[in-house]
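Spelled out, the chains give:
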Amino acid sequence: MVRKIKVTPGIGSTSLLIQHSELFIQDVYIDKPQLLLIQNGSMTVHYQHQEVSLQTGEMLVLNSGQTLGLTHQLSENGPFSCAIMAWDNALLTDAGLHTPAFKPPLITVDHLQVIPHVPGAFRQSFIDTHNAILWHHGLPAPITRHRMLEQLLWLSQLGVRYSLQHSESMTQRVRELLVNNLHKAFTAAEVAEQLMMNEVMLRRRLAAENSVLRNLMIDVRMTHALRLLQCTDLAISHIAHQVGYESGSRFAERFRKRFGFAPTAIRGHLRAQSVQSPITSDVQ
């Protein structure tokens, strides 16, 4: 299996996550509504002092704006793997599932929902859509949009929809700015300017949410690095550069401090080859 991420601006992304070691990954921020299909192994989600377990073949509906702990378990058949589909928030509104006239009324997912028994037709639709978007070059954006909306409609047939996110917190606004500009080393003053406020006000509003700007900057970069390690075969040195670290050793040190294990642990004993970026983006 080959790891890969495909991003379609304004619509969402698909990715294939593969992990060769069983690790507990703490405080993973979910930035977009997601749907996961466990393909091999099992997964435990730790949230709000609870644990939810998923087995091969089950689906997990995850809403954005929350922080979770995740443990991916291997199986005797090989490494943990799951197919992931994530939607831009604007697409949820376009799906039309939040209108009062929609029948039957749907259960809204604020945090997460496990789908233990996935109908065969839904499973096949998800796999076909995931593969078409991830592996077929040149799939037009309108077709990608249509096929990703179809998965939301399938969820609605099971009585499930994502809750729409209310007003963003200052922490979320800062995260979004940083995620979209990973190549840029922002100063606090520049972040404040981008958010149309002064630096004192920015720090004050973050403090009211128990957030610190410097910690957010580091966490956004490390969380993105984690995703690249899990969902691409990029060399670790290349990933370090993508998240703003010229020094691979400095990146590894920071990553270990954030997650408690080295970047190489994600891929087990495999050595990633230096390849061209498998992260693709359709702009049409």
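In this section: the state of the cysteines. Enumeration according to the criterion identifies zero disulfides in this entry. No disulfide involves Cys-82; its sulfur sits 7.2 Å from that of Cys-231, the nearest cysteine. Its relative accessible area of 2% is what places Cys-231 among the buried residues.

Turning our eyes to something else, we now look at helix α9 (residues 248-259). The terminal C-alpha atoms of α9 lie 16 Å apart, and with 12 residues this matches the ideal 16 Å at 1.5 Å per residue to within 8%. Turning to α9, its buried residues are Phe-251, Arg-254, Phe-255, Arg-258 and Phe-259. Projected down its long axis, α9 carries its buried residues within an arc of 110°, all on one side. Exposed side chains of α9 directed beyond 90 degrees from the buried face belong to Ser-249 and Lys-257. Contacts from the buried residues of α9 go to β3 (23-30), α7 (213-231) and α8 (236-242). Residue Gly-260 follows α9 closely and has a positive phi angle near 90°.

A few words on the nonpolar core. By size, the foremost hydrophobic cluster in this structure holds 39 residues, and its most contacted members are Ile-25, Met-43, Val-45, Leu-60, Phe-251, Phe-255 and Phe-261. Residue contributions to this core peak at seven residues, all from α7. In contact with Val-45, other than residues within four places in its own chain, are Gln-50, Glu-51, Val-52, Leu-54, Leu-60, Leu-68, Gly-69, Leu-70 and Leu-112. The next biggest cluster of nonpolar side chains, apart from the first, holds 24 residues, and it includes Trp-87, Leu-92, Ala-141 and Tyr-162.

Criteria and thresholds
- Residues numbered from 1 in each chain as written.
- Predicted model: local features only at pLDDT ≥ 70, side-chain atom pairs only at ≥ 80, totals over all residues.
- Heavy atoms only, no water.
- Disulfide = S-S within 2.5 Å.
- Buried < 20%, exposed > 50% of the residue type's maximum accessible area, 1.4 Å probe, protein only.
- Helix = DSSP H or I, 4+ residues; strand = E, 2+ residues; numbered from the N terminus.
- Expected span 1.5 Å × (residues − 1).
- Arc of directions from axis to C-beta.
- Contact = heavy atoms within 4.5 Å.
- Core = buried A, V, L, I, M, F, W, Y, C linked by side-chain atoms within 4.5 Å.

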